[in-house]
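Single-letter residue listing:
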Amino acid sequence: MRDVAIVAFAQTEHTASDSGQSEPELILPVIEEVKERTGLRRFGFTCSGSCDYLAGAPFSFVSALDALGAWPPISESHVEMDGAWALYEAWVRLQHGDVDTALVYGFGKSSLGDLRSIMTLQLDPYYLAPLGLDQVSFAALQAAAVRADRAELDAIVRRSRAAGRDNPYALDLPDELTDAVAPSRASDVAPSRASDVVPSRASDVVPSRASDVVPSRASDVVPSRASDVVPSRVSDIEPLRASDVAPITDGAAAVVLAAGDAVAELCARPAYIRGIAHRIEPHYLGMRDLARSASAADAARAAGVGKGPVEVAELHTQFAHEEIILRRALELPADTVVNPSGGPLAANPVMAAGLIRIGAAAARIHDGTASRTVGHAAGGPCLQHNLVTVLEG
Amino acid sequence: MGNRCAVIGVGQTRYTTKRRDVSIAGLVREAALRALEDAGLTFKDIDAVVVGKAPDLFEGVMMPEAYLADALGAAGKPMMRVHTAGSVGGSTALVGASLVQGGVHDRVLVVAFEKQSESNATWALSTHLPFNASLVVGAGGYFAPHIREYMRRTGAPDHIGTLVAVKDRLNALKNPYAHLRIPGIDRAMVESTPMLWEPIRYLETCPSSDGACAMVLASESAVTGTPAWVHGTAMRSEPIFRAGRDTVNPQGGKDCAADVYRQAGVTDPRRQIDVAEVYVPFSWYEPMWLENLGFAAEGEGWKLTESGATALDGDIPWNASGGVLSSNPIGASGLIRFAEAALQVRDMAGEHQVDGARLALGHAYGGGAQFFAMWIVGRERP
Amino acid sequence: METSEPLVARHVLEFPGGYTRTTGPVIGRFLTELRAGRIVGVRTAEGRVLVPPLEYDPATGDPVTDEYVEVGPAGTVTASAWVQEPRPEHPLDRPFAWALIRLDGADTTLVHAVDAGDPKALRPGARVWPVWRERREGGITDIACFRPEVTMIVSPVRPEYRIQAGGALRTFLEGVRRGVFLGGRCATCAKVYVPFRASCPECGTRIAEQVELPDTGTITTFAINNLPDPRAPEVPFVSAYILLDGADIPMIALVGGVPAHEVRQGMRVRAEWVPESERTLSMANVRWFTPTGEEDAELS
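Residues numbered from 1 in each chain as written. Chains lettered and ligands numbered in written order. Predicted model: local features only at pLDDT ≥ 70, side-chain atom pairs only at ≥ 80, totals over all residues. Heavy atoms only, no water.

A. Summary view of the domain arrangement of chain C. Domain assignment breaks chain C into domain 1 (24-148) and domain 2 (167-291). On a C-alpha basis, the centroid separation for the pair domain 1 of chain C and domain 2 of chain C is 66 Å. (Domains from an automatic or database assignment.)

B. View of the interface of chain B and chain A. Taken together, the contact between chain B and chain A spans 53 residues of the former and 52 residues of the latter. A buried area of about 4,500 Å², summed over both sides, lies between chain B and chain A, and 67% of it is on carbon and sulfur atoms. The largest contributions to the chain B side of the interface with chain A come from Met62, Met80 and His83 of chain B, which together make up 15% of the buried area. Linking chain B with chain A are zero salt bridges, by the criterion used here. For the interface between chain B and chain A, the tally reads 14 residue pairs in polar contact (both at pLDDT 80 or more). (Contact = heavy atoms within 4.5 Å. Buried area = accessible area lost by both parts, 1.4 Å probe. Salt bridge = Lys/Arg side-chain N within 4 Å of Asp/Glu carboxyl O. Polar contact = N/O pair within 3.5 Å; in protein donor to acceptor, adjacent residues only side chain to side chain.)

C. Quick look at the environment of Ile46 of chain B. All names here are of chain B. When you line up the elements, Ile46 lands in the loop between α1 (24-39) and β2 (48-52). Considered as a pair, Ile46 and Tyr67 are 21 residues apart in the sequence and their alpha carbons are 19 Å apart. Each residue touching Ile46, except ones within four places of it in the same chain, is listed here: Leu36, Lys77, Arg107, Leu109 and Val216. (Helix = DSSP H or I, 4+ residues; strand = E, 2+ residues; numbered from the N terminus.)

D. Expanded view of the sheet that holds strand β11 (residues 209-213) of chain C. Strand order across the open sheet formed by three strands is β10-β9-β11 (chain C), with antiparallel pairing between neighbours. Every interior strand has two partners, whereas the edge strands, β10 (192-193) and β11 of chain C, have only one. (Pairing = 2+ DSSP bridges.)

E. Here's a closer look at the packing of helix α3 (residues 88-101) of chain B against helix α13 (residues 330-345) of chain B. All names here are of chain B. Across the interface, α3 lies against α13 with an axial gap of 5 Å and an inter-helix angle of 55°. When the axes of α3 and α13 are compared, the pair comes out oblique. Facing Val88, Gly89, Gly90, Ala93 and Leu94 of α3, the residues of α13 in contact are Gly331, Gly334, Leu335 and Phe338. (Axes fitted to C-alpha atoms, helices over the stretch in contact; angles between N-to-C directions. Parallel < 35°, antiparallel > 145°, perpendicular 65-115°, else oblique.)

F. A look at the sheet that holds strand β3 (residues 68-70) of chain C. All names here are of chain C. Taken in spatial order, the three strands of this open sheet run β2-β1-β3, and their pairing is antiparallel. This sheet does not close on itself; its edge strands, each paired only once, are β2 (49-50) and β3. The pairing of strand β1 (residues 40-43) with β2 spans two bridges and is antiparallel. Each bridged residue has a counterpart across the sheet, and for Arg43 the counterpart in β2 is Val49.

G. How the structure looks around unusual backbone geometry. With an omega of 10°, the peptide bond running from Glu198 of chain B to Pro199 of chain B counts as cis. Tracing the chain through its elements places Pro199 of chain B in the loop between β5 (195-198) and β6 (200-201). Unusually for a residue other than glycine, Arg147 of chain A sits at a positive phi of about 55°. According to the relative accessible area criterion, Arg147 of chain A is partly exposed, its value standing at 47%. A positive phi angle is found at Cys382 of chain A, which is not glycine, with a value near 50°. Locating Cys382 of chain A in the fold gives a position in the loop between β9 (372-379) and β10 (385-392). By relative accessible area, Cys382 of chain A is classed as buried at 4%. (Buried < 20%, exposed > 50% of the residue type's maximum accessible area, 1.4 Å probe, protein only.)

H. Fine view of the interface of chain B and chain C. With 29 residues of chain B in contact, the opposing surface of chain C contributes 36 residues. Counting the contacts that link chain B with chain C gives one salt bridge. Here chain B is connected to chain C by twelve residue pairs in polar contact (both at pLDDT 80 or more). Elements with a minimum of two residues in the side of chain B that touches chain C: α5 (138-154) and β5 of chain B. Here the side of chain B that touches chain C takes eight residues from α5 of chain B, the largest share from any one element. Of the residues belonging to the side of chain B that touches chain C, the class tally is 16 nonpolar, seven polar and six charged. Pairing analysis gives two bridges linking β5 of chain B to strand β12 (residues 216-225) of chain C, with the strands arranged antiparallel. Counted as the bridge partner of Glu198 of chain B is Ile224 of chain C from β12 of chain C. (Nonpolar A, V, L, I, M, F, W, Y, C, P; charged D, E, K, R; others polar.)

See below:
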């Protein structure tokens, strides 16, 4: 395959509440930043990822074109998927050999609606969606299947939040877990202990119905600067706790890919894509082993994760237990540092968060702090779809 | 353009107002299994699946490719979901072709669908966010002013749109999959229907259809059966709110056509292309796109239509299948254009076959006539 | 005086409490099974399955065997009659069909009501399923009716959002509240965009300079809409592209105060604002654009 490298990456300072910016306004600064970094005004190919249901309107990506300065008309495509798959499409396009640069971006504002119930709309419309199975509920089914240790989950969350506090683009979330979330209504939240969270089988777990759940509302959120923000409250669904759930986040990210001679011209320390692959698995939750991610394992093998050491892995973990599943699936060595950016548990702009994982993994190569890293993105309920990239300096 | 790529299988469902007898998975499987059968393959032979459809609001299922993954035999494989507004069907074919041209896969299944009867297209296309006051009602409300401007600029007589509405429906009578099959269709019938969005009459608009279309694309070494070779692929997008944008003859369409013609070695589309499947959801878009795509000089497209050149027995048949005016499962409509172009050069279009078709254009557009996807397929290997 | 008034009285022949019929073993078995939510037939000596079961083979009069066979629950309609106006004693109070239903596994058909909604939905060959009464007593009406197979479900989808107008849109709407159209001039290509926007769609440059535009302009093109819309006062209504004087891109707006078919490309128009006291942060402040009476502008 033709060598393709990530030569620039930019992301917004993500917010936990709606800043009132339109999507083109959200995208504009990251597009400006990658254009400035590379000095490019035009790209051989452009691809983006976003989701109409997040925006609450069809064709949400159409107006995003206005942020690009897409004139004369550009060669462009869009996936209704995380921006990581837009990057994949652009990588494929660069394999043709006739163009050498590509602009990729992803964006989303999950503050606009109730993300948990919006994600219900992605489920099988006959057997699952009519149950009102929300995102936290199906994630909780998977957490139960993994039988994760509470202390391990809490440690993942604490580590992610601490890393996020050091990351200027991520949210500032407190070190304390459940108690710090929505203190005014802490009594509503049944604190779970490790001892009562290990059901023997997924079928023992009764997911709470959507109607039992208090959806997080934008109005519950204290707006303004990221550092001031209290995450929107999520009630527990055993065995998940509110703190295991990635925060509601608005944001965008952009990446520039290059191939051929353009790589060296555009970046001093390019992050070469040595492997990239993605796999999907059956949808219905009862028809796969939720404790494992076969598709992530397949994608990791196809991308060649195990062919060398992995210094850093940026994983698209929207729930703490997903880190446990993915670590196993990707067969990451014990010394691999996972989500030094804080990961989605510290900032989760849906539809951009997967692209940000790849961008963050590339950034470690750009700044010289790592020479071989992995970026991962996921889609679908309970890690149904997984994409893995291996980057090298 | 990368490695060679060919269409080796095409599958379509019959297009109709409501497919009451199938689930969404059943609908897409019907098209996919027919495409596989055409190629003499099974799901096992497929390396990756690409799904396209228009907004998820039509079915109320967000990113339905997740639910459809195993229905399309994609378990354990890569799957992509494309959404580029009305051009999505065309873009889906191009994303699939790109996987082959890029040398990533040998056999890719592309599927596009819409089950519009689960809701209502005008509703889905007219959901306006607060603060964004818009008076556009459905696609017709958006495109009517641009058609009016075309008529003013070119002085085209009023009946040109009627001619296209009749011609495409006559072609549909020869296509067993077509949705609108109106025996005895003629100008008087079209002209007797009411103006919906003046100057667009009822029978000058496309229907709302349920349906799916699928293709199997293959690399040169993986070809089975009768191939339609891809000679060129191109997409272009332009911003909708650019000052001075020509909405009648958009630059994006001209640039996209120039790109795909260059790849296919086409310098005179009218003469070199044998048949074109072009996205014409409102009858007046035939003369408009004849000019945009270089089949006629600016201002002359309507004369070509009027001369009968674009009829099935004309020298450059447009939409021999009946086109979007006869069948419109929105997300699939672009892919149907691409697939019908392939059927023509494979000599497999049945009653609406254009004799001796060797080179065919597939075209789709979307958004405010700002997204374009095109390919040229041929009988010979490029 | 004798009257011709008819001499009429009401007569009810009702056994108080209802007849108490003994069922015998075969019918009893069937109704007992029904109460338990199952449908059974009985096998004849020749091997045919009768549903509903009889104690004898209707063809020969021979006794049936004592073998009960669970059938259905679904069946196929072999014939039906459509009841447009149900009678009070009918099992359904809305139009429905009587039908002969061959339950799966049966060799005979059962008579029952089918709640089909539409006579066209019940052609021979249609598949139907029982709808069970919530409280069953052991009677044929324990099956409330049959209904066609489920071929469609209604999926309400109603995500809610909180949309905030910030950035450039808010700036523009604040202008509209003051009765002013705010545009922005791109410093690179000098084009004036209205509504005011953050960046230039052509070159991507951030737009800093605000421009106040007059509320007059020219209709470049338009549609006459004959489909009603809640945002328009009546049908037909005209939605037009209006190029405000000094702007480089038209806005789409309603045209009023003139019959639809008198609207022309090139017509000069002016915004009609709602009274100042009614203005909000929205485009509703502009009722529509109405002709100024000036001479038409030349279109390029």
